[in-house]
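Topology and contacts: notes
Here's the letter readout for the chains.
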Amino acid sequence: MPQRGAAVSAPSLNRPVNKARSRPQTLAGRHAVVIGGGIAGLGAALVLAQRGAEVTVLERDDDPTARSAEEAFSSWDRSGAPQVRHSHVFLGRLRKLLHDEYPDLLAAVLAAGARELRPLDRPPPALAKIEPQPEDADLVTLGMRRITFEWVLRQEILRLGAVRFVPKATVVGLVASPSAPPVVAGVRFRNEQGEQIRRGHLIVDASGRRSLAPSWLKAVGARPIHEKQESSGVVYYTRFYRMRPGASEPAPTADPLAADFNWVKYAIFPADGRVFSITLAVPLAFQRLKVLAQAPAFDAMVDCIPALRPWADADFAEPIGDRARPVQAMGGLINRARRFVDDRGPLALRFFVLGDAAYCTNPLYGRGCSQGLLHAHFLGEALDAHADDWAAVAVALDRRGRDELEPYYRASILADRDAVRRAEGRAPRKLVDRMQQRFFEDGVALAMRTDPLVFRAFLRMLNMFETPERAFGRPDVVARVLWVMAQGESYKQKYRLADPPDREATFSRCEAALCSGETVLT
Ligand SMILES: Cc1cc2nc3c(=O)[nH]c(=O)nc-3n(C[C@H](O)[C@H](O)[C@H](O)COP(=O)(O)OP(=O)(O)OC[C@H]3O[C@@H](n4cnc5c(N)ncnc54)[C@H](O)[C@@H]3O)c2cc1C
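Residues numbered from 1 in each chain as written. Predicted model: local features only at pLDDT ≥ 70, side-chain atom pairs only at ≥ 80, totals over all residues. Heavy atoms only, no water.

1. Some points on the overall build of the protein chain
Applied cut-off: Working definition: helices are DSSP H or I runs of at least four residues, strands are E runs of at least two. Numbering for both runs from the N terminus. Based on C-alpha atoms, the radius of gyration is set beside the globule rule, defined as 2.2 Å times the residue count to the power 0.38. Using a 1.4 Å probe on the protein chains alone, a residue whose accessible area is under 20% of its type maximum counts as buried, one over 50% counts as exposed, and one in between counts as partly exposed. Only heavy atoms matter for contacts: two residues are in contact if any of them lie within 4.5 Å across the pair. Values of accessible area rely on a 1.4 Å probe in the Shrake-Rupley scheme; residue burial ignores everything except the protein chains shown. We count Lys and Arg on the positive side and Asp and Glu on the negative side, and we leave His and both chain ends out. A single reference atom marks each charge: NZ on Lys, CZ on Arg, CG on Asp, CD on Glu.
A tally of helices and strands in the protein chain yields 15 helices and 22 strands. A compact globule built from 522 residues should have a C-alpha radius of gyration of about 24 Å, and the protein chain, at 23 Å, falls within 12% of that. When the backbone C-alpha atoms are referred to their principal axes, the protein chain occupies close to 70 × 50 × 45 Å. The buried share among the 522 residues of the protein chain stands at 55%. Restricting the contact set of the protein chain to residue pairs at least 6 apart, pairs at least 24 apart contribute 75%. Accessible surface, the protein chain: about 22400 Å² in total, of which carbon and sulfur atoms supply 53%. Looking at charge distribution, the protein chain has the averaged site of its 72 positive side-chain charges lying 2 Å from that of its 61 negative ones.

2. Observations regarding helix α11 (residues 452–462)
The following threshold applies: N or O atoms within 3.5 Å of each other form a polar contact, as long as, within protein, one can give a hydrogen and the other can take it, and as long as residues adjacent in sequence are counted only when both atoms are side-chain atoms.
The element α11 is largely enclosed, with a buried count of eight among its 11 residues. Among the residues making up α11, those that are buried are V454, F455, R456, A457, F458, L459, R460 and M461. As for α11, its buried residues are in contact with α10 (431–450), α12 (468–473) and α13 (475–485). Where α11 begins, one side-chain oxygen reaches toward the backbone nitrogen of L453, 2.8 Å away; that side chain belongs to D451. The positive-phi residue at the C-terminal boundary of α11 is M464, with phi of around 65°.

3. A closer look at the domain arrangement of the protein chain
The cut-off we apply is this: Segmentation of the chain into domains, including their bounds, is taken from an automatic or database domain assignment. A quick way to say it: buried area is the sum, across both parts, of accessible area lost when two parts are put together, with a 1.4 Å probe. A side-chain nitrogen of Lys or Arg and a carboxyl oxygen of Asp or Glu constitute a salt bridge if their distance falls within 4 Å.
One can read the domain layout of the protein chain as domain 1 (31–229 + 333–412), domain 2 (234–330) and domain 3 (431–486). For domain 1 versus domain 2, the separation of C-alpha centres amounts to 28 Å. Contacts between the two partners involve 25 residues from domain 1 and, on the opposite side, 27 residues from domain 2. In total, domain 1 and domain 2 occlude about 2100 Å² of area from one another, counting both sides; carbon and sulfur atoms represent 61% of this. When the area that domain 1 buries against domain 2 is broken down by residue, the three leading residues are H86, S87 and R122, summing to 31%. For the interface between domain 1 and domain 2, the tally reads three salt bridges. With a shortest N-O distance of 2.9 Å, E70 and R242 are connected by a salt bridge.

4. Brief notes about the environment of A49
Within the fold, A49 resides in helix α1 (residues 39–50). On the accessibility criterion, A49 (11% relative accessible area) is buried. In this structure the C-alpha to C-alpha distance between A49 and A162, which are 113 residues apart in sequence, comes to 6.0 Å.

5. Thoughts on the packing of α10 against α11
Applied cut-off: Here an angle of 0 to 180 degrees is reported between the N-to-C directions of two axes, which are lines fitted to C-alpha atoms, with helices fitted over the stretch in contact. An angle below 35 degrees is treated as roughly parallel, one above 145 as roughly antiparallel, one from 65 to 115 as roughly perpendicular, and anything else as oblique. Working rule for handedness: look at the near helix, and if it is turned counterclockwise from the far one by less than a right angle, call the crossing left-handed; if clockwise, right-handed. Polar here means any residue outside two lists: the nonpolar Ala, Val, Leu, Ile, Met, Phe, Trp, Tyr, Cys and Pro, and the charged Asp, Glu, Lys and Arg; Gly therefore counts as polar.
Running from amino to carboxyl end, α10 crosses α11 at an angle of 110°, the nearest separation of the two axes being 6 Å. By the angle between their axes, α10 is roughly perpendicular relative to α11. Viewed along their axes, α10 and α11 form a crossing whose handedness is left-handed. Contacts from V444, A447, M448 and T450 of α10 reach α11 at P452, V454, F455 and F458. Of the residues assigned to the contact of α10 with α11, the class counts are seven nonpolar, one polar and no charged.

6. Re the site of the ligand
The condition that has to hold: Near residues are defined by distance, with any heavy atom within 4 Å of the molecule or strand qualifying the residue.
Residues in contact with the ligand amount to 36 residues; listed here are only the nearest, E59, V89, R146, D356 and C369. Here an oxygen atom of the ligand and a side-chain polar atom of R78 are 2.9 Å apart. Within the side chain of D356, a nitrogen or oxygen atom sits 2.8 Å from an oxygen atom of the ligand. When the ligand sits alone it has 990 Å² of accessible area, and the protein chains cover 95% of it. Residue assignment for the shell around the ligand shows that the elements contributing at least two residues are α1, β7 (170–176) and α8 (368–386). Broken down by class, the residue content of the shell around the ligand amounts to 14 nonpolar, 15 polar and seven charged.

7. Here's the deal with the pairing of strand β1 (residues 31–35)
Quick reminder of the rule: When DSSP finds two or more bridges between a pair of strands, those strands are recorded as paired. Viewed with both strands pointing away, a crossover whose connecting path from the first strand over the helix to the second turns clockwise is right-handed.
Most of β1 sits inside the fold, with four of its five residues counted as buried. With five bridges connecting them, β1 and strand β2 (residues 54–58) associate as parallel partners. Within β2, the position partnered with I35 by the bridge is L58. The β-α-β motif built from β1, the intervening α1 and the parallel element β2 has right-handed crossover chirality. Relative to strand β10 (residues 202–205), β1 runs parallel, the two sharing four bridges. Counterpart to I35 in the pairing with β10 is D205.

8. Section: the pattern of salt bridges
Scanning all chains against the criterion turns up 52 salt bridges. The shortest N-O distance in the salt bridge between E404 and R93 comes to 2.7 Å. Of this pair, E404 sits in helix α9 (residues 390–423) while R93 is found in helix α3 (residues 92–101), placing the two residues 311 residues apart along the sequence. Judged by its relative accessible area of 23%, E404 is partly exposed. A salt bridge links R422 to E441; the nearest nitrogen and oxygen atoms lie 3.5 Å apart. Placement of the pair is R422 in helix α9 and E441 in helix α10, with a sequence separation of 19 residues. In this structure E441 comes out as partly exposed when scored by relative accessible area, which is 38%. Connected through shared salt-bridge partners, E59, R60, D61, R78, R146 and E150 make up one network.

Printed below as a string of structure tokens:
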């Protein structure tokens, strides 16, 4: 795959900022306050400023002092969003949004070294060359570090001149009129000067998965929110590497770059600046694998998985990142959906909740940043359609969330329950669930490696263009999957994936590596 150069510093100041699409100036003369400067908060600042608002972003972390995305990766303290130092993939849906609506932002991330990755160019070996179709243009993901994306987005927003970041400012509550519903008119926040108030015509909460929006709303007298939450059932372990000078990526083999062995899921994430990362996601049921947080155990696991081994070869790449914590570990990963409109209408006016604060899904599916930016874009469209009618804006935003984001929340819940069940070695109890399991495990899993139509359906689902039910429920896809299921043992043997490494032997090797301090890769 082509390599782009290392990340560059701030994009040229002469370039127009997202002028490709002009937006109605519905917020001219208005002041907006955004809580949180992560992906959804930056997305909100962009859409609000493009519509004429003066925007203040209150962010609990400090501003970056870095002059480039590369420097930010090693120096920017982002303890408010610790996932920034985990692998991120940016799905086709997000890239399409940038391509269609924010082309200058897409140009800026590409200039910063993001790679456009076309999975159809690297199909499973049995598919050989795939005949291109017009809709394939959507199936492009962006490979870059999350810090790179965030840093570039920030630079682009600063260039608008209408957005001000207030660092080290932690929001602790809302300011609202005591009406029913409350009308939110500002926030209370704490910084080094003590507690202060920042007023605005509209307030956006984009403070991420730890958002306290429900309790803030309760404190100003709003009706309770509708919320559902489930654990994702996995822990994430990530290590970053940089390819050595002159090295080129290992040639594709029959071993996929991402796979699920039930007791571990792994993936390789190509990124900007000749960097890539490896993530191991382990079901909570396997407490023994907590050792993966230590580099020797992580390296031992990587060495046991054939697809990962050449990537982590010391002659090919060197580990980079936090020397004190070379492996980043993250638990507490949830799926959650919150609604801020009930059958009586919005729970509060002039208050909008975006990104993980509203819809949070298991990072394994790589949907969070796409969801966050789409959600901010939906807010922009709701403002365009309903201008000053704040209740109508809230209802329109809620409708888009229910239609376009909630299906992915439901898909994540079902996939995670299934993964937990498989990890614990339990069979589904209901007949319908057993049939569904057979369809996916014996049918889809094989057909997507042997049939271009099913492979495309899988990619469209993965990239958030279709939910799993729609992608795999289409009659033509079902027919191909059933055909594969009807094939004899020799067909299945021919196209099946190699057996995973022995589970117990791999666990023991990881534990032994830790005890002996063995370092396979560094
Ligand atoms: C391990 C892991 C891996 C992931 N991998 C992927 C992936 O591959 N692809 C993908 O698309 N998504 C991925 N995600 C999900 C993605 O990171 C999130 O969905 C995304 O960051 C959500 O953006 P956000 O702006 O809503 O929240 P965040 O990015 O978390 O930003 C919230 C911001 O609010 C600030 N903040 C919090 N509280 C306050 C407060 N009270 N006052 C002021 N500021 C506050 C925080 O400091 C932070 O900057 C992953 C997540 C995890 C945990």
